[in-house]
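What follows is each chain in one-letter form.
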Amino acid sequence: MVAETPAIETRQLTKVYPGFWKSQQVAALTNLNLTVRRGEIFGLLGPNGSGKTTTIKILLGLINPTAGEALVMGQPGGDQDTRRRIGYLPEESYLYRFLNARQTLDFYARLFNMNRTQRRQAVDYYLDFVGLDPQVRSRRIGTYSKGQTRRVALAQALLNNPDLVIMDEPTSGLDPVGMLEIKNMILRLKQAGKTVLLSSHQLADVEDVCDRLVILYRGKVELEGALSDLLEVKDVFQLEGRNIDAALQERLLTLAREAGAIELKTGRPRVRLEDLFKRLVESKRRGEAAATGR
Ligand SMILES: Nc1ncnc2c1ncn2[C@@H]1O[C@H](COP(=O)(O)OP(=O)(O)OP(=O)(O)O)[C@@H](O)[C@H]1O
Ligand SMILES: [Mg+2]
């Protein structure tokens, strides 16, 4: 059987941004080898300036590499037919401030040659998908909050039903509930068989959704692998449960000590502030929805 071409593959990808003087040149990527398989959620991580956006721009054909190759679905970055199968959420959203969300998406849907009926269906489908409050959809984008603007940009990236979705900082500007919604949305994209390349500084997001990841440092891969492998502490075992009273705790500890276990720790789990916040906001929203009958 012929192996399926990866969604993304870079070979010895190198980018040097030119400068007038040699000392002003920036080696943004050096011999980067990446493979993103079809259908996986892949995290592209690294501190500021490590080359994430540069990698994404080369994959999209927005800038040229200095050396090496960048293939998307087996084709060179920027290939026109392949470009149509990619949805891209840029680091900064560039949207027309004077159009509202519906008009904005309708404008892009026209660029994808959708007819009137298709456009009307797609626009509301994707605004629902990204959870944009229906009350603001007909108000101009210039008045939106940061998170609302980000959602419109996301809907725009998904509008052509792409096979590969590339997101540069998808959750920037979103509140914790918004972040959770975006995370769930990314998982739904995966369920629909799409490949997602996700660059983010929100490590909690990455941890919750990515199958595999790389961490870049000064344009080179410092660490890569499957998330479950990278994060699992292999030599520690944890036990958690209810109805474990003081006597049972003592028995368990004694048993463990006698069997040679070391560095034993006991305690009660805590919820994260994030979970507490989300529970509160979600219950408020359910209350509002029930009161308005929506
Ligand atoms: N047009 C450019 N000209 C010169 N240098 C550039 C240019 N664009 C990016 N760089 C440099 O290339 C390096 C990589 O930048 P890049 O934007 O890819 O980083 P990043 O990982 O996306 O960072 P961030 O997390 O801040 O978004 C940085 O040192 C940056 O200053
Ligand atoms: Mg960037």
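Residues numbered from 1 in each chain as written. Chains lettered and ligands numbered in written order. Predicted model: local features only at pLDDT ≥ 70, side-chain atom pairs only at ≥ 80, totals over all residues.

Each helix and strand in the chain was counted, giving 10 helices and 10 strands. Once the C-alpha set of the chain is aligned to its principal axes, its extents read approximately 70 × 60 × 50 Å. Relative to all contacts within the chain whose residues are 6 or more apart in sequence, the contacts with residues 24 or more apart total 66%. (Helix = DSSP H or I, 4+ residues; strand = E, 2+ residues; numbered from the N terminus. Contact = placed C-beta atoms within 7 Å.)

Take the nonpolar core next. With 59 residues, the main nonpolar core has Phe42, Tyr126, Ala155, Ile166, Val196 and Leu198 as its most contacted residues. Those residues in contact with Phe42, other than ones at most four positions away along the chain, are Val36, Val196, Leu197, Leu198, Cys210, Asp211, Arg212 and Leu213. (Core = buried A, V, L, I, M, F, W, Y, C linked by C-beta atoms within 7 Å. Buried ≥ 20, exposed ≤ 12 C-beta atoms within 10 Å, placed from the backbone.)

Take the domain arrangement of the chain next. Split into domains, the chain comes out as domain 1 (8–231) and domain 2 (235–294). The centre of domain 1, based on its C-alpha atoms, is set 34 Å off from the matching centre of domain 2. (Domains from an automatic or database assignment.)

Here the focus is the sheet that holds strand 8 (residues 195–199). An order of 6-7-8-3-9-10 is seen for the 6 strands of this open sheet, with the pairing classed as mixed. Edge positions in the sheet fall to strand 6 (86–89) and strand 10 (220–226), since each of these pairs with one other strand and no more. Neighbour-to-neighbour, the strand axes of this sheet turn through a mean angle of 15°, independent of strand direction. As paired elements, strand 9 (residues 212–217) and strand 10 share 6 bridges and run antiparallel to each other. If you follow Leu216 over to strand 10, its bridge partner there is Val221. Running at roughly 150° to strand 7 (residues 164–168), helix 1 (residues 52–59) makes contact with strand 3 (41–45), strand 7, strand 8 and strand 9 of the sheet. Relative to strand 6, helix 5 (residues 146–158) is tilted by about 165°, and along the sheet it contacts strand 6 and strand 7. (Pairing = 2+ DSSP bridges. Axes fitted to C-alpha atoms, helices over the stretch in contact; angles between N-to-C directions.)

Closest axis-to-axis distance for the helix 3 (residues 101–111)/helix 5 pair is 10 Å, and the angle between their directions is 25°. In terms of orientation, helix 3 lies roughly parallel with respect to helix 5. Regarding helix 3 and helix 5, the two cross each other, and that crossing is right-handed. Each of Ala101, Thr104, Leu105 and Tyr108 in helix 3 lies in contact with helix 5, whose residues at this interface are Val152, Ala155 and Gln156. Taken together, the residues of the contact of helix 3 with helix 5 sort by class into 5 nonpolar, 2 polar and no charged. (Parallel < 35°, antiparallel > 145°, perpendicular 65-115°, else oblique. Left-handed = near helix turned anticlockwise from the far one by under 90°. Nonpolar A, V, L, I, M, F, W, Y, C, P; charged D, E, K, R; others polar.)

As a further point, take the sheet that holds strand 4 (residues 67–72). Whether parallel or antiparallel, the strands of a sheet pair through hydrogen bonds between backbone atoms. The 4 strands are arranged 2-1-4-5 in an open sheet whose pairing can be described as antiparallel. Here the strands that pair on one side only, and so sit at the sheet edges, are strand 2 (26–36) and strand 5 (75–76). Pairing geometry for strand 1 (residues 8–17) and strand 4, over 5 bridges, is antiparallel. Each residue of the ladder has a partner; that of Glu9, found in strand 4, is Leu71.

The next point concerns the site of ligand 1. In the neighbourhood of ligand 1, the contacting residues comprise Tyr17, Val26, Ala28, Gly46, Asn48, Gly49, Ser50, Gly51, Lys52, Thr53, Thr54 and Glu91. The set of elements that each furnish at least two residues to the shell around ligand 1 consists of strand 2 and helix 1. Among the elements that make up the shell around ligand 1, the one with the highest residue count is helix 1 (3 residues). Across the shell around ligand 1, the residue classes break down as 3 nonpolar, 7 polar and 2 charged. (Near = placed C-beta within 6 Å.)

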